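Structural overview
Given next are the chains, with one letter for each unit.
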Amino acid sequence: MYRLYLLLLPVLLGSCATIFNSTYTTTQIVTNPTAAKMVINGVDTLCCSNKVIVLKRSSAPVKIDIIKDSLKQTVQVLPKTSPIFYLNALYYPFFIVDLLNDKRYTYPEEVYVDLYNPQNSYQPYQKKWKDNKDKPINIGLSIPIINGYYYSSNPKNNRMFGTLGLALHSEYYLNTKQYFSAGLGGLEHNDWWGWHYPFTVTHRRLLYINTRINQRVNHLNFGAGLSYQQFNTEKTVYVGSNSWGLTYHEDTAFRIAKQYNEGLGLNLSVQYQLSRNFYLGTMFQPLLLNTAPAAKGYMHYMNVDIIFKLPVWNRK
């Protein structure tokens, strides 16, 4: 499994635009005067302006003839690199997959054409963010319903589920469909085994920081990025001669067993919007590069959580 993730890492982190961008994008054409006829690349005729048109992503400019009575103007809508492409520069040095794919391109979200004053055309039309889903900065709090993690430790593999955890995160919207997020979270969990002496207590603690790029598709948000994790587990066996106290037994058979992992990994996330501010989400974080001094193999963390998001700034 560890080797499989390493093989997939260049594809996941070196092809962000290919994975998250669709083949088509949208641009809003606003004209003065309104209700002008539009001819796209000399082929498709649309009526009328002040509407959103669908364009296929490409490295080529889009030619739009705009006609209103005796007024006519032709604009070339130039492509630009999609913001999600720059995630490659942050996370991975090889862009081969995205460089060979037209999904790396996009077009301006809004184009303004003034038929009375050609010199004032093709200026960005200022679109307002109309609801809480589209605020450019959100802060949030997530509480796990279920926490689960898996870690390998010779001579066996271990799985654990719990419910105690908390995470804080922030979001910055790049446009109405894509946003960058960063989060800080952690959890603790204790297991008690046995009702009589000797009994075992296993304590586990996880801390993590993650960043990712996210794509909104209707009520769903899909995200992928990187995470840094610290995972610690301690197993202690206690014995007692009576019910009034515990004696720590240092014999080999009952000594403390410890494991510590830390390092870099992926962060994959899916969220579903339940209401204006609440989301149901799931997150998967595999540890790929274990940098602990006595690293003992692969680990991953996953959860199902309830997320509350609060907008803190409205772009006008």
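Per-chain numbering applies: the sequence of each chain, read as written, is numbered from 1 onward. Thresholds applied to this predicted model are a pLDDT of at least 70 for local features of residues and 80 or more for the giving and counting of side-chain atom pairs; totals over whole chains, interfaces and linings are not thresholded and use all residues. Note that the side-chain values use all heavy atoms of the structure and ignore hydrogens as well as water.

1. With respect to the overall build of the chain
Every helix listed is a DSSP run of H or I at least four residues long, and every strand listed is a run of E at least two residues long, numbered separately from the N terminus. Of regular secondary structure, the chain possesses four helices and 19 strands. Each residue is assigned to one of three classes by its accessible area relative to the maximum for its type, calculated with a 1.4 Å probe on protein chains only: buried under 20%, partly exposed between the two thresholds, exposed over 50%. Per-residue burial over the chain gives 44% buried out of 316 residues. Under the convention used here, a 1.4 Å probe and the Shrake-Rupley method define accessible areas, while residue burial counts only the protein chains that appear. Within the structure as shown, the chain displays about 17300 Å² of accessible surface, and the carbon and sulfur contribution to it stands at 60%.

2. Overview of the state of the cysteines
Cysteine sulfur atoms are paired as a disulfide whenever they fall within 2.5 Å. Summed over the entire model, instances satisfying the criterion amount to one disulfide. With a sulfur-sulfur separation of 2.0 Å, C47 is cross-linked through a disulfide to C48. Judged by its relative accessible area of 59%, C47 falls in the exposed class.

3. Overview of the packing of aromatic side chains
Each pair of aromatic rings taken from Phe, Tyr and Trp, with Trp reduced to its six-membered ring, is defined by centres within 6.5 Å and is described as stacked if the planes are under 30 degrees apart, edge-to-face if over 60, and tilted in the remaining cases. Enumeration according to the criterion identifies three aromatic pairs in this entry. Ring centres of Y208 and Y301 lie 5.7 Å apart, and the angle between their planes is 35°; on these two criteria the pair is classed as tilted. You can see Y208 sitting in strand β14 (residues 199-217) and its partner Y301 sitting in strand β19 (residues 299-313), a full 93 residues away along the chain. Taken as a pair, Y208 and Y301 share a single burial class, namely buried. A centroid spacing of 5.1 Å and a plane angle of 50° characterise the contact between F278 and F308, whose relative ring orientation is tilted. Residue F278 is located in strand β18 (residues 278-290), and its partner F308 is located in strand β19; the two are separated by 30 residues in the primary sequence. The ring of Y279 has K309 lying over it, and the distance from NZ or CZ to the ring centre is 4.0 Å. Remark: a charge is flagged as sitting over a ring if the NZ atom of Lys or the CZ atom of Arg is within 6 Å of the ring centre and within 35 degrees of the ring normal.

4. Here we look at the confidence of the model for the chain
Confidence scores per residue from the predictor, reported as pLDDT, run from 0 to 100. Mean pLDDT for the chain: 76, with 67% of residues reaching 70 or above. Contacts are assigned to residue pairs that have any heavy atoms within 4.5 Å of one another. For the stretch residues 241-253, pLDDT sits under 50, and the model shows 16 contacts to residues farther than four places along the chain or on other chains.

5. Comments concerning empty space enclosed by the protein
Definitions used for this entry: grid spacing 1 Å over protein atoms alone; cavity, a set of points where a 1.4 Å probe fits but cannot get out; pocket, an open set with protein on both sides within 12 Å along at least 5 of 7 lines; lining residue, one with an atom within 4 Å of a point. Grid points are joined across faces, edges and corners, and a volume is the space filled by probe spheres set on the points. Applying the stated criterion across every chain, the model contains four cavities of 30 Å³ or more. Approximately 150 Å³ is the volume found for the largest cavity. Lining of the largest cavity is provided by 18 residues; of these, S142, H169, R212, M283 and D305 occupy positions nearest its centre. Among the secondary structure elements, those contributing two or more residues to the lining of the largest cavity are β12 (165-173), β13 (178-193), β14, β17 (257-273), β18 and β19. Here the lining of the largest cavity takes four residues from β13, the largest share from any one element. When residues are sorted by character, Ala, Val, Leu, Ile, Met, Phe, Trp, Tyr, Cys and Pro go into the nonpolar class, Asp, Glu, Lys and Arg into the charged class, and all the rest, Gly among them, into the polar class. Here the lining of the largest cavity is composed, by residue class, of seven nonpolar, nine polar and two charged.

6. Re the nonpolar core
Here, the term nonpolar core denotes a set of buried Ala, Val, Leu, Ile, Met, Phe, Trp, Tyr and Cys residues that are joined through side-chain atoms within 4.5 Å. Core analysis: the biggest nonpolar cluster contains 15 residues, and I64 and I66 have the highest contact counts within it. At the level of secondary structure, the elements contributing two or more residues to this core comprise β2 (37-40), β4 (51-56), β5 (62-68), β6 (71-77) and β9 (110-114). Ranked by the residues each element gives to this core, the list is headed by β5, at three residues. Each residue touching I64, except ones within four places of it in the same chain, is listed here: I29, M38, V39, I40, I53, Q73, T74, V75 and V77. Grouped together as the second largest cluster of nonpolar side chains are eleven residues, Y149, A167, L206 and M299 included.

7. Some words on the environment of G281
You can see G281 is positioned in strand β18. Taking relative accessible area as the criterion, G281 reaches 5% and is therefore assigned buried. For the pair G281 and N221, spaced 60 residues apart in sequence, the C-alpha to C-alpha distance is 8.9 Å. For G281, the residues in contact, after removing those within four places along its chain, are V270, Q271, N303, V304, D305 and I307.

8. A short note on the sheet that holds β4
Paired strands, as defined in this entry, are two strands with at least two bridges between them according to DSSP. Strand order in the open sheet made by the three strands is β4-β1-β9, with mixed pairing throughout. The outermost strands of the open sheet, each flanked by one partner alone, are β4 and β9. With direction set aside, neighbouring strand axes in the sheet form an average angle of 35°. One ladder, built from six bridges, connects strand β1 (residues 24-32) with β4; its direction is antiparallel. Paired with T27 across the strands is I53, a residue of β4. For helices, the fitted line uses only the C-alpha atoms of the stretch in contact; every axis is such a line through C-alpha atoms, and the angle between N-to-C directions lies from 0 to 180 degrees.

9. Re the environment of G225
Structurally, G225 can be placed in strand β15 (residues 220-242). The exposure class assigned to G225 is buried, which follows from its relative accessible area of 1%. For G225 and F180, which are 45 residues apart along the polypeptide, the C-alpha to C-alpha distance reads 9.6 Å.

10. Concerning the side chain of T31
In this fold, T31 is placed in strand β1. With a relative accessible area of 3%, T31 lands in the buried category. Under this definition, polar contacts are N or O atom pairs within 3.5 Å; protein pairs additionally need one hydrogen-donor-capable and one acceptor-capable atom, and for neighbouring residues in sequence, both atoms have to be side-chain atoms. A polar contact of 2.7 Å, which involves the side chain of T31, links it to the backbone oxygen of P33. A polar side-chain atom of T31 sits 2.5 Å from a polar atom in the side chain of S49.

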